[in-house]
Amino acid sequence: MKKLKFILSGGGTGGHIYPAVAIANELKSRFPDAEFLFVGAENKMEMQKVPQAGYKIEGLWIAGLQRKLTLQNAMFPFKLISSLWKSRKIIKKFKPDVVIGTGGFASGPLLQMANSLNIPTVIQEQNSFPGITNKLLSKKANKICVAYENLERFFPKEKMILTGNPVRQDLIDIESKREEAKKYFNLDADKKTLLVLGGSLGARRMNQLIEKELDKFISEDVQIIWQCGKLYFEDYKKYNSNTVQVLAFIDRMDLVYAAADIVISRAGASSVSELCIVGKPVIFIPSPNVAEDHQTKNAQAIVDKIGAIMLKESELDSQFSLVFEALLRDQGKQDYLSENIKQLALPNATKQIVDEIVKLIKN
């Protein structure tokens, strides 16, 4: 068989980058001789994260539209034309067998150009409410791998496959790691552990909430692992103590999930998929500042199946204390939410997505 070549594009946030890397890793395990190239947006986090994962990446001069009138918006048509032209050049030179997009600014022009050159394309849509780029790309895409049911109103039904989102394989069996996790984070085995996840950059409103509630958590004998994000670490590191661990980011997600009894989290697609796999009771606080309010829709899809609790940012001052206290004191409710969210897990997503990619390879 000829040497296979794959181009992948996903970026802007870890939620787009991680699935692309997971897909590349699975393809590499099946086709060790294959060549891989990532395409990202210049100055975005993928330009660092992808090389760290061991893959080459090229950058496009592309950014999203701002919600208000800005110089960035005035530059958008030029950036788009530049990115389409460079995408064409990259594809012509690399000659991929399949192009895979997992979302982010760069995947739009790249997949658009791949479609126009008749290269097979696969979209991996992480959210329960797709963005406008993927809706447009779906008309020409060969396959659309989705993580939620009932997306027929956005995508052609005959192209869709329900696969779930790629997750770290080390999350599949975290129960066996609980003792190791307690030691790793130096936790008191007799106390409940609250895990707070605000995303890699951090979430201002969530951090403000945790700061306000810290004394109450401690009085309830709760220990906290607080991932505040790199943008906010300098502001909150002063709260580090025996019972509070403030971290910019977490390297061992498998162990931190194993240690947690209750999780407070944003509702990005990757986080939601991981939390389904690990099966912990969750309070989702969706970010209201994302396109199409998709975090609220992601969380609502879990809440509808009685798999989690959701509080909007506007409800935190009036409801958070009551909701958290009720959950902390009700082990039955914790167990019930755990069981329900686990039922929604799709742990074989990466393998299924790659199965669909392999079907498109022209021998």
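What you see is a predicted model, and the numbers here were worked out from it, not measured in a lab.

*Asks:* I'm lost on the pairing of strand E1 (residues 5-9) in this one. Help?
*Replies:* In summary, the side chains of a regular strand alternate between the two faces of the sheet. Within E1, four of the five residues are buried, which leaves it mostly tucked inside the rest of the structure. Here E1 pairs with strand E2 (residues 35-41) via four bridges, running parallel. The residue bridging Lys5 from the neighbouring strand is Glu35, located in E2. You can see the chain leave E1, run along helix H1 (residues 14-30) and come back into E2, and the turn it takes is right-handed. Bridge analysis of E1 against strand E4 (residues 98-101) gives four bridges, and the strand direction is parallel. Within the sheet, the bridge partner assigned to Phe6 lies in E4 and is Val98.

*Asks:* So what exactly am I meant to see when it comes to the pattern of salt bridges here?
*Replies:* When the charged atoms of two side chains lie near each other, side chains of opposite charge can form a pair. One pass over the full model with this rule turns up 17 salt bridges. With its nearest N and O atoms 2.7 Å apart, the salt bridge here joins Asp355 to Arg30. A residue pair is termed long-range when its members are at least 10 positions apart, and Asp355 in helix H14 (residues 349-359) and Arg30 in helix H1 qualify at 325 residues. A relative accessible area of 34% places Asp355 in the partly exposed class. Residue class for Arg30 comes out partly exposed when judged on its relative accessible area of 30%. As a salt-bridge pair, Arg329 and Glu220 come within 2.8 Å of each other at their nearest N and O atoms. Here Glu220 lies in the loop between helix H7 (204-219) and strand E9 (222-227) and Arg329 lies in the loop between helix H12 (316-328) and helix H13 (331-342), a separation of 109 residues in the sequence. With relative accessibility at 57%, the residue Arg329 sits in the exposed group. Take Glu220: its relative accessible area is 23%, and that puts it in the partly exposed class. Each of Arg205, Lys212, Glu213 and Asp317 takes part in one network of salt bridges that share partners.

*Asks:* I tried to follow the packing of H1 against H14 on my own but got confused; where do I start?
*Replies:* Each pair of packed helices can be described by the angle between their axes along with the distance between the axes. Relative to each other, H1 and H14 sit at 65 degrees, their axes nearing to 9 Å. Considering how the two elements wind past one another, H1 and H14 form a crossing that is right-handed. Only Thr350, Lys351, Ile353, Val354, Asp355, Ile357 and Val358 of H14 make contact with H1, whose side of the interface consists of Ala22, Ile23, Glu26, Leu27 and Arg30.

*Asks:* Is there a simple way to think about H14 in this case?
*Replies:* Helical periodicity: at 3.6 residues per turn, an α-helix aligns residues three or four positions apart in one direction. Taken as a whole, H14 has its buried residues at Ala349, Thr350, Ile353, Val354, Glu356 and Ile357. Projected down its long axis, H14 shows its buried positions confined to an angular sector of 155 degrees, all on one face.

*Asks:* Explain the nonpolar core to me, please; I cannot follow it from the model alone.
*Replies:* Soluble globular proteins: nonpolar side chains tend toward being buried together. Leu195, Ile250, Tyr257, Leu275 and Phe284 are the most contacted members of the largest nonpolar core, which totals 33 residues. Of all the secondary structure elements, the ones that give two or more residues to this core are strand E8 (192-197), helix H9 (253-259), helix H10 (269-278), strand E12 (282-284) and helix H11 (294-303). Among the elements that make up this core, the one with the highest residue count is H9 (six residues). Apart from the residues within four sequence positions on either side, Leu275 is in contact with Tyr257, Val263, Ser265, Lys280, Val282, Phe284 and Ile341. Residues Leu209, Tyr236, Val246 and Leu316 belong to the second largest nonpolar core, which totals 28 residues.

The rules behind each value
Residues numbered from 1 in each chain as written. Predicted model: local features only at pLDDT ≥ 70, side-chain atom pairs only at ≥ 80, totals over all residues. Heavy atoms only, no water. Buried < 20%, exposed > 50% of the residue type's maximum accessible area, 1.4 Å probe, protein only. Helix = DSSP H or I, 4+ residues; strand = E, 2+ residues; numbered from the N terminus. Pairing = 2+ DSSP bridges. Right-handed = clockwise from strand over helix to strand, strands pointing away. Salt bridge = Lys/Arg side-chain N within 4 Å of Asp/Glu carboxyl O. Axes fitted to C-alpha atoms, helices over the stretch in contact; angles between N-to-C directions. Left-handed = near helix turned anticlockwise from the far one by under 90°. Contact = heavy atoms within 4.5 Å. Arc of directions from axis to C-beta. Core = buried A, V, L, I, M, F, W, Y, C linked by side-chain atoms within 4.5 Å.

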